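# Results of the structural survey
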Amino acid sequence: MAKKIHKTNAMRLLDKAKVVYKTHELPTDTAIPATEVAEYLGVACGQVFKTLVTTDNHGQYFVFCVQSDANLDLKKAAKVAGVKKLEMLKQKDLLPLTGYVHGGCSPVGMKKPFPTVIDQSASQWQNIFVSAGKIGLQLAIAPQDLATLVNAKLADVESGDGVGN
């Protein structure tokens, strides 16, 4: 008999919006790199997206979803967000702001909706994987369904130089 997965806030919101998704539970209860999530799931690193939260230091917050093996380009991200400069949110500020812990941050169901950008690379996949709002639990969801639900835009915000992680 399959173990019952307790619904996260993200899953409840997806159910309410009648969005099709699948959950995948990983054999871990500690945060692991998103690239290792891809290994566990047996999918390409580019299909697993990590959720990163940034701030412009003027009280505005922005959420970005980028491929697990990519980095957020803070300059591109700031331009897409329409602000001068962005920096990564301090890890200690993540839970109070979003309701999620590091390693289990989902773009769906944060305490408040924030402007969200999904890297355009997501559009190449039928489904992408993002956190379900709990460490060790992933959602497989069509990128356009995710973008529609969180009112996200797709844009090029990744870099390969290690900035922003």
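Use the structure listed above.
As the structure is a computational prediction, the values presented were derived from the model and not from experiment.

For the protein, the count of helices and strands is five helices and ten strands. Taken over C-alpha atoms, the radius of gyration comes to 15 Å for the protein, in line with the 15 Å a tight globule of 165 residues would show. Based on the C-alpha atoms only, the size of the protein along its principal axes is roughly 55 × 30 × 30 Å. Across the 165 residues that make up the protein, the buried fraction comes to 49%. Expressed as a percentage of contacts within the protein between residues at least 6 apart in sequence, the contacts between residues at least 24 apart total 61%. Counting only carbon and sulfur atoms, one obtains 52% of the accessible surface of the protein, whose full area is about 8900 Å². For the protein, the separation between the mean place of its 19 positive charges and that of its 15 negative charges on side chains is 8 Å.

A few words on the side chain of Glu158. Checked against the element boundaries, Glu158 lands in strand 10 (residues 158-159). Of the side chains with opposite charge, Lys76 lies nearest to the buried Glu158, which makes no salt bridge, at 7.8 Å.

Relative to the assigned elements, Tyr40 resides in helix 2 (residues 34-41). Overall, Tyr40 belongs to the partly exposed group, its relative accessible area being 42%. Residues Tyr40 and Lys16 lie 24 residues apart in sequence; the distance between their C-alpha atoms is 29 Å. When neighbours within four sequence positions are excluded, Tyr40 is seen to be in contact with Leu26, Pro27 and Ile32.

This paragraph deals with the nonpolar core. Val53, Ile118, Leu139, Ile141 and Leu146 are the most contacted members of the largest nonpolar core, which totals 29 residues. Of all elements in the fold, only helix 1 (9-16), strand 2 (49-55), strand 3 (61-67), helix 4 (91-98), strand 7 (128-134), strand 8 (137-141) and helix 5 (143-149) reach the threshold of two or more residues within this core.

Time to look at the sheet that holds strand 1 (residues 21-25). With respect to topology, three strands assemble into an open sheet ordered 1-8-7, the strand pairing being antiparallel. The sheet terminates laterally at strand 1 and strand 7, the two strands that pair on one side only. Across the sheet, the mean angle separating the axes of adjacent strands is 35° when strand polarity is ignored. Where strand 1 lies against strand 8, five bridges are found, and the strand directions are antiparallel. Within strand 8, the position partnered with Lys22 by the bridge is Ala140.

The subject of this paragraph is the environment of Lys50. Its location among the elements puts Lys50 in strand 2. Spatially, the C-alpha atom of Lys50 lies 15 Å from that of Ala77, the residues being 27 residues apart in sequence. Here Ala70 takes part through its backbone oxygen, which lies 2.8 Å from a polar atom of the side chain of Lys50.

A few words on the pattern of salt bridges. Between side chains of opposite charge, pairing is possible as soon as their charged atoms come close. Evaluated as defined, the whole model comprises three salt bridges. The closest approach of N and O atoms between Asp15 and Lys7, which form a salt bridge, is 2.7 Å. Under the relative-accessibility criterion, Asp15 is labelled partly exposed at 34%. The class for Lys7 is partly exposed, based on a relative accessible area of 42%. With a closest N to O distance of 3.3 Å, Lys92 and Asp93 form a salt bridge. Residue classification places Lys92 among the exposed positions, given a relative accessible area of 63%. Relative accessible area serves as the criterion here: at 28%, Asp93 is assigned to the partly exposed category.

Conventions adopted
Along each chain, numbering runs from 1 in the same order as the chain's sequence is written. With pLDDT at 70 or above as the cut-off, local features in this predicted model cover only qualifying residues; side-chain atom pairs require 80 or more to be listed or tallied, and sums for whole chains, interfaces and linings still use all residues. Excluded from the side-chain calculation are hydrogens and water; included are all heavy atoms of the structure. Counting from the N terminus, the helices are DSSP H or I runs at least four residues long and the strands are E runs at least two residues long. All radius of gyration figures rest on C-alpha atoms, and the globule criterion is 2.2 Å times the number of residues raised to 0.38. Per-residue accessibility, obtained with a 1.4 Å probe over protein chains only, is compared with the maximum for each type, and a residue is labelled buried under 20%, exposed over 50%, and partly exposed between these values. Contacts are assigned to residue pairs that have any heavy atoms within 4.5 Å of one another. Only the protein chains shown count as cover for residues, and all accessible areas are computed by the Shrake-Rupley method using a 1.4 Å probe. When charges are counted, Lys and Arg contribute as positive and Asp and Glu as negative, whereas His and the chain ends are disregarded. In plain terms, the charge of a residue is placed at NZ if it is Lys, CZ if Arg, CG if Asp and CD if Glu. Any carboxyl oxygen of Asp or Glu within 4 Å of a side-chain nitrogen of Lys or Arg constitutes a salt bridge here. Side-chain atoms within 4.5 Å are what join buried Ala, Val, Leu, Ile, Met, Phe, Trp, Tyr and Cys residues into a set we call a nonpolar core. The rule for pairing is simple: two strands pair if DSSP sees at least two bridges between them. Orientation is described by lines fitted to C-alpha atoms, with helices fitted over the stretch in contact, and by angles between N-to-C directions that extend from 0 to 180 degrees. Two N or O atoms count as a polar contact when they lie within 3.5 Å, although within protein this holds only if one can serve as hydrogen donor and the other as acceptor, and sequence-adjacent residues are included solely when both atoms are side-chain atoms.

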